[in-house]
Amino acid sequence: MLKAKLKSLPVERMRGEVRPPGDKSISHRALILGSLCQGRVEISGLAQGADVRATAWCLARLGVDLQLDGCDALINGQGLGGFRQPDSALDCGNSGTTLRLLSGLVAGARITTTLGGDKSLQKRPMGRISAPLRKMGALIGGPQDGTRAPLYIECRGVRPRLHRLEIASAQVKSMILIAGGFAHGLTQVEEPAPTRDHTERMLCFLGADLCTEFPRVSLRGPLDLGPAALRVPGDPSSAAFLCAAAPFIRRSRVVVRDLCLNPTRTGFLEVLRNMGARFETQNLRDVDGEPVGDLVMRYGALRGCTILGRLVPRTIDELVVLALIASMARGETVIKDAAELRHKESDRIAGTVDAINALGGSAEATDDGMLIHGLDGPLLGGTIRSRGDHRLALAALAIGAVTQRGVSVEGAEAIAVSYPEFVQQFNSLGGSIQ
Ligand code: S3P
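Now for a look at the structure at hand. (Residues numbered from 1 in each chain as written. Predicted model: local features only at pLDDT ≥ 70, side-chain atom pairs only at ≥ 80, totals over all residues. Heavy atoms only, no water.)

### A closer look at the overall build of the chain
Each helix and strand in the chain was counted, giving 14 helices and 24 strands. Its C-alpha atoms give the chain a radius of gyration of 21 Å, near enough to 22 Å, the size a compact globule of 434 residues would have. Overall, the C-alpha framework of the chain stretches about 60 × 45 × 40 Å when taken along its three principal axes. Taking all 434 residues of the chain together, the buried fraction comes to 60%. When contacts within the chain are restricted to residue pairs at least 6 apart in sequence, those whose partners lie at least 24 apart make up 75%. Of the roughly 15800 Å² that the chain leaves accessible, carbon and sulfur atoms contribute 47%. Here the chain contributes 52 positively and 45 negatively charged side chains, and the mean placements of these two sets differ by 2 Å. (Helix = DSSP H or I, 4+ residues; strand = E, 2+ residues; numbered from the N terminus. Rg over C-alpha atoms; globule rule 2.2 N^0.38 Å. Buried < 20%, exposed > 50% of the residue type's maximum accessible area, 1.4 Å probe, protein only. Contact = heavy atoms within 4.5 Å. Areas by Shrake-Rupley, 256 points an atom, 1.4 Å probe, with all protein chains shown as cover. Lys, Arg positive; Asp, Glu negative; His and termini not counted. Charge placed at Lys NZ, Arg CZ, Asp CG, Glu CD.)

Here you go:
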């Protein structure tokens, strides 16, 4: 059980090697796409947080023969026809990825059901999935004309078509591809900027007829996928928390092994490079369609930078920790084009700016980002509330190691959503979280 209040104390060294949890986005997809296969699907390296468990749980309720054992799962897939009506609404907990991706599956599989979740999930925008689902032929109900969860979905069969997305969202793109996998014909999605492409990579790896030529992804349905074995590489978004303190502490060297280095996910490394960080990636290889390698992060003074445009979807889950890092770098950091941050598990623009100021730094919120005045030295430290947001809690704990007095996080149990092993892994590198 994770404590509701954790304190991260300043430390003198961050050194060691660690294998972060399996990538959360890829874990969701392995379970969902695995359940569309016909035959035995073995999955290893899954993330063990509550979000991925919510996906496994919902799939089991939809009739998927799925056994989850720690980081491993075994699915006895029945193909596209292997789903049944759940006896009550599906609870996606805190997980937007679960709700959005499974909406596509439910519509495609002609299951009539409701998908809901916790208070945070009920506040998040769902019009972005209701609109394309309606265009594909689904009937959608729910609060505010089906733009908020719980979402009621009823569909007699998905129509293949072209979708042009106004916002860059891998969840929306993936929902459409999953629904389109059940349709007879060509489902196409055009996105305004490249977003994480794990769904496309995994579908190709599993043998689907899919091609990508930015801005368009085309999938010919119906899917006909066979047995498979899938290995989930380490999560770069979780690794960002392991690496956050090292650049500020002399003689630090943190090695993160088996990390997914998919370019749609490594924007935070590009940002850290622009800030002057010293790191390298090694042992680069392909694991089941994803680029994987090891990351070695070292001590090195950091300066402010600008994050905008196409870099934003590639750093979207790391912007909280990057902003906290920037608050201790030399000079100004500007984050723009990131209004999506207001629609995550909490309003991350407000939460991050408040956290920086509460810890003795200086930051201002803007409509679509933030302005951070770097201290060129450690934050003082203090206490922040997680706002129920795992990434805010993890970022504050990671950065606590390089503050003067440490950082206490109230509501720290939120980290179980994506990274229940964080305290143990961070402390194994020299961190001191109690
Ligand atoms: C995710 C996509 C991103 C990301 C989220 C996971 C995914 O959201 O923020 O944590 O697994 O597809 P959007 O695609 O909605 O931006």
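Further notes follow.
### With respect to unusual backbone geometry
Here the bond from Phe214 into Pro215 is cis, since omega is 10°, no more than 30 degrees from zero. The amide bond that connects Gly221 to the next residue, Pro222, takes the cis arrangement and shows omega of 0°. With respect to the helices and strands, the residue Pro222 is situated in the loop between strand 13 (216-221) and strand 14 (228-231). Its identity as a non-glycine residue notwithstanding, Asp145 has a phi of 55°, on the positive side. In this fold, Asp145 is placed in helix 6 (residues 143-146). Its relative accessible area of 58% is what places Asp145 among the exposed residues. In this structure, Asp376 takes a positive phi of about 55° despite not being glycine. Here Asp376 lies in the loop between strand 21 (369-375) and strand 22 (382-385).

### Observations concerning the site of the ligand
Neighbouring the ligand are Ser25, Arg29, Thr97, Ser169, Ala170, Gln171, Arg196, Ile316, Asp317 and Lys344. Contact between the ligand and Gln171: an oxygen atom at 3.0 Å from a main-chain N or O atom of the residue. In this structure, an oxygen atom belonging to the ligand sits 2.7 Å away from a side-chain N or O atom of Lys344. Protein chains bury 95% of the 380 Å² of accessible surface belonging to the ligand in isolation. Within the residue set of the shell around the ligand, elements represented by two or more residues are helix 1 (24-35) and helix 7 (170-180). (Near = heavy atom within 4 Å. Polar contact = N/O pair within 3.5 Å; in protein donor to acceptor, adjacent residues only side chain to side chain.)

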